[in-house]
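Residue-level structural notes
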Amino acid sequence: MIPLSLIQRQTRQLQRCLVAAKPLAQLRRLHLSVQERSGSFPPIAPTRPDIDFRISRGLTAPTLALHSHTHARVVVAKQTSDEELLEHPFRSFEEVKRLVQTRDWPPVPSLSVEDFVARRQENKSAPLVFDVRSPEEFEDGHIPGAQNLPLLQNDQRVEVGKAFRHVGPSAALSMALAHVFPKLPDLLSSARSKQQEGQQSADEKIVIYCKRGGLRSQSVAAFLSQHGLQVELLEGGYKGFRTW
């Protein structure tokens, strides 16, 4: 069994490499094998400089394992109580990753900026609006009245951006999912709490946006919709609102 202190130390080393935008060769030197309770990871054939983050349950603490020259896996413990909050297929990291990669989820209604503004002018009570960008993006500017429901924190967004530029889009997506997947129960609970605090009925639609109406807002909308919330996507995101 690998000591937890060694796992934590090499995890920090990988994070520093990403933040400092170190060459991939330095990432490859950070080899670490971590056994799950069910056994060791199966060997992975090196195919391309990519990072594959895998979520596994049954461990007592988040660990990150570099198992091959070109792949990394994140092993994150999930509590059973958290899993019970989530509907299938959002209980499985691999299934969530497949959904995000293929965008194979039921369609979510979209809302044009023009209709969004008109609705707010007509109704005395503004609709509940979630901005799923990072806190820093939200602070730099957001739709008046919107509430921040971030997928990634500021430092996580920076790490994902560096992974995208220096390793590749697949690595960046895997890293983002590794950050987001453990937080899905909290994300759902937060959305429901904000809905109750805003005294919005369950049949009223929540407007969701990100920077350009892309993958972040689409994935959150699909996730919340799967769990019974009525949602709409703001076309063009915050950029579309600003330029309207």
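Residues numbered from 1 in each chain as written. Predicted model: local features only at pLDDT ≥ 70, side-chain atom pairs only at ≥ 80, totals over all residues. Heavy atoms only, no water.

With respect to the element layout, Ser92 can be found in the loop between helix 3 (80–85) and helix 4 (93–102). Separated by 89 residues in the primary sequence, Ser92 and Phe181 have C-alpha atoms spaced 8.9 Å apart. At a separation of 3.2 Å, a polar atom in the side chain of Ser92 contacts the main-chain amide nitrogen of Glu95. (Helix = DSSP H or I, 4+ residues; strand = E, 2+ residues; numbered from the N terminus. Polar contact = N/O pair within 3.5 Å; in protein donor to acceptor, adjacent residues only side chain to side chain.)

According to the stated counting rule, one finds 4 aromatic pairs in the structure shown. Between Phe90 and Phe223, the ring centres sit 5.1 Å apart and the planes meet at 75 degrees, which makes this aromatic pair edge-to-face. With Phe90 in the loop between helix 3 and helix 4 and Phe223 in helix 10 (residues 215–226), this residue pair connects regions lying 133 residues apart in the sequence. Taking relative accessible area as the criterion, Phe90 reaches 9% and is therefore assigned buried. Ring centres of Phe116 and Phe241 lie 6.3 Å apart, and the angle between their planes is 75 degrees; on these two criteria the pair is classed as edge-to-face. Taken together, the residues Phe116 in helix 5 (residues 113–122) and Phe241 in helix 11 (residues 237–242) connect sequence positions 125 residues apart. On the accessibility criterion, Phe241 (22% relative accessible area) is partly exposed. When the ring centre of Tyr238 is taken as origin, the NZ or CZ atom of Arg133, which lies over that ring, is 4.6 Å away. (Phe/Tyr/Trp six-rings, centres within 6.5 Å; stacked < 30°, edge-to-face > 60°. Buried < 20%, exposed > 50% of the residue type's maximum accessible area, 1.4 Å probe, protein only. Lys NZ or Arg CZ within 6 Å of the ring centre and 35° of its normal.)

Ranked by size, the top nonpolar core spans 37 residues in total, and within it Phe130, Leu184, Ile208, Phe223, Leu224 and Val231 carry the most contacts. Among the secondary structure elements, those contributing two or more residues to this core are helix 4, helix 7 (154–166), helix 8 (169–180), helix 9 (184–197), strand 8 (206–209), helix 10 and strand 9 (231–234). In this structure, Val231 is in contact with Val108, Pro109, Lys205, Ile206, Ile208, Ala221, Leu224 and Ser225, ignoring residues within four places of it in sequence. The next biggest cluster of nonpolar side chains, apart from the first, holds 12 residues, and it includes Phe116, Ala146, Tyr209 and Leu234. (Core = buried A, V, L, I, M, F, W, Y, C linked by side-chain atoms within 4.5 Å. Contact = heavy atoms within 4.5 Å.)

Here helix 7 crosses helix 8 at 160 degrees, and the two axes come no closer than 7 Å. Overall, the two elements helix 7 and helix 8 adopt an arrangement that is roughly antiparallel. Like other packed secondary-structure pairs, helix 7 and helix 8 cross with a definite hand, here right-handed. From helix 7, Gln156, Glu159, Val160, Ala163 and Phe164 reach across to helix 8, where they touch Pro169, Ala172, Met175, Ala176 and His179. (Axes fitted to C-alpha atoms, helices over the stretch in contact; angles between N-to-C directions. Parallel < 35°, antiparallel > 145°, perpendicular 65-115°, else oblique. Left-handed = near helix turned anticlockwise from the far one by under 90°.)

Bringing the sheet that holds strand 8 into the picture now. In a beta sheet, neighbouring strands pair by backbone hydrogen bonds and run either parallel or antiparallel. Strands sit in the order 5-9-8-6-7 across an open sheet of 5 strands; the sheet is parallel. Edge positions in the sheet fall to strand 5 (110–111) and strand 7 (147–148), since each has one partner strand and no second. (Pairing = 2+ DSSP bridges.)

Once that is clear, we can look at the side chain of Glu137. Relative to the helices and strands, Glu137 resides in helix 6 (residues 135–140). The class of Glu137 is buried, set by a relative accessible area of 9%. Polar side-chain contacts of Glu137 include one of 2.9 Å to the backbone nitrogen of Ser134. With residues near it in sequence (within four places) discarded, Glu137 still touches Arg157 and Arg216.

What follows deals with unusual backbone geometry. The linkage connecting His88 with the following residue, Pro89, adopts the cis geometry, with an omega of 10 degrees. If you trace the backbone, Pro89 turns up in the loop between helix 3 and helix 4. Despite not being glycine, Arg103 has its phi angle at roughly 55 degrees, a positive value. Mapped onto the fold, Arg103 is located in the loop between helix 4 and strand 5.

Turning next to the environment of Arg133. Within the fold, Arg133 resides in the loop between strand 6 (129–131) and helix 6. The spacing of Arg133 and Cys210 is 77 residues in sequence and 5.4 Å in space, taken between C-alpha atoms. Once you skip the residues sitting within four places of it in the chain, Arg133 turns out to touch Phe138, Gly141, His142, Asn148, Pro150, Tyr209, Cys210, Lys211, Arg216 and Tyr238. Here the side chain of Arg133 touches Asp131 through a polar contact of 2.7 Å, side chain to side chain.

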